[in-house]
Amino acid sequence: AVYAAGRLPPGVSVESAGFHEATGRMSPALITAVAARKGVDLTMHRSTRIDRAMIERSDLVLVMDHQNHRMLTEAFPESAAKVTYLRLFGSHDPVILDPYSMSEDDTVRVVDQICASVNAFLATLGRPPLRAGDDPLRVEGGRALPIEAR
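Here the structure is a predicted model, which means the values were calculated and not measured.

Caption draft 1: The arrangement of the overall build of the chain in detail. Assigned secondary structure in the chain consists of five helices and five strands. In the chain, the succession of helices and strands from N to C terminus is α-β-β-α-α-β-α-β-α-β. Burial status across the chain gives 41% buried among its 150 residues. Restricting the contact set of the chain to residue pairs at least 6 apart, pairs at least 24 apart contribute 71%. When the accessible surface of the chain is split by element, carbon and sulfur atoms take 55% of a total near 7700 Å².

Quick look at the structure:
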């Protein structure tokens, strides 16, 4: 969500949420460090639990993997028409694995997949990709919601 926020067109915004019970958690240090190398500052990002209000105000809900998709559509059956996989914007393989406990090399690959997928999504909106040094924290209007299982 942080990576995409600065490139969304007027009237579109993004937020991040997942299914982990604990909220307010920081991103793991390795993921924060790898994202920083891509110009994305996750130091202020905190985990949020998905809720019905988020689903209702979202036009599109992007998930990372099959578990996220299943959990989302089971918890919120009315969301099914809004849900797709983020990675399908840049690949035929829909799954982006959770980097939570991965090695540094694998985390880099996952962050690269996320960045490529977000850039492909932004291209469908007619927006340029983010580049190092861009400010990704400007958020406006409507809602697109990436979902994570953690």
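Caption draft 2: Inspection of the pattern of salt bridges at higher detail. Considering all chains together, one arrives at eight salt bridges under this definition. Salt-bridge contacts for arginine 70 lead to glutamate 74; the nearest nitrogen and oxygen are separated by 3.4 Å. Taken together, the residues arginine 70 and glutamate 74, both in helix α4 (residues 66-75) and four residues apart, mark about one turn of the helix. Note on arginine 70: relative accessible area 41%, which makes it partly exposed.

Caption draft 3: Geometry of the nonpolar core. One finds Tyr3, Leu8, Val40, Leu42, Leu86, Ile96 and Val118 to be the most contacted residues of the largest nonpolar core, which totals 21 residues. Of all the secondary-structure elements, those providing two or more residues to this core are α1 (2-5), α2 (29-37) and α5 (104-124). Formed by eleven residues, the second largest nonpolar core is a distinct cluster that contains Ala17, Phe19, Ile50 and Val63.

Caption draft 4: Seen up close, the packing of aromatic side chains. Going through the model one piece at a time under the given rule, you end up with one aromatic pair. Taking 4.9 Å as the distance between ring centres and 75° as the angle between the ring planes, the aromatic pair formed by phenylalanine 89 and phenylalanine 121 counts as edge-to-face. Of this pair, phenylalanine 89 sits in the loop between β4 (83-85) and α5 while phenylalanine 121 sits in helix α5; the two residues are 32 residues apart in sequence, bridging distant segments of the chain.

Caption draft 5: The arrangement of the environment of leucine 122 in detail. Note that leucine 122 resides in helix α5. For the pair leucine 122 and alanine 4, spaced 118 residues apart in sequence, the C-alpha to C-alpha distance is 7.7 Å.

Parameters and conventions
Here the residue numbering is sequential within each chain, running from 1 through the sequence in written order. The predicted nature of this model means local features are confined to residues of pLDDT at least 70 and side-chain atom pairs, given and counted, to a pLDDT of 80 or more, with totals for whole chains, interfaces and linings taken over all residues. As a rule here, side-chain values cover all heavy atoms of the structure and leave hydrogens and water aside. By definition, any uninterrupted DSSP run of H or I lasting at least four residues is a helix, any uninterrupted run of E lasting at least two residues is a strand, and each is numbered from the N terminus. Partly exposed residues are those whose accessible area sits between 20% and 50% of the maximum for their type, while under 20% is buried and over 50% is exposed, using a 1.4 Å probe and protein chains only. Only heavy atoms enter the contact rule, under which two residues are in contact if any of them lie within 4.5 Å. Methods summary: accessible areas were calculated by the Shrake-Rupley approach with a probe of 1.4 Å, and residue burial reflects only the protein chains presented. Salt bridge, as used here: a side-chain nitrogen of Lys or Arg that lies within 4 Å of a carboxyl oxygen of Asp or Glu. By nonpolar core we mean a set of buried residues, namely Ala, Val, Leu, Ile, Met, Phe, Trp, Tyr and Cys, connected to one another through side-chain atoms within 4.5 Å. Whether two aromatic rings pair depends on their centres lying within 6.5 Å, for rings of Phe, Tyr and Trp, where Trp uses its six-membered ring; planes under 30 degrees apart make the pair stacked, over 60 edge-to-face, and the rest tilted.

Remember that the coordinates give geometry; whether it matters functionally is a separate question.
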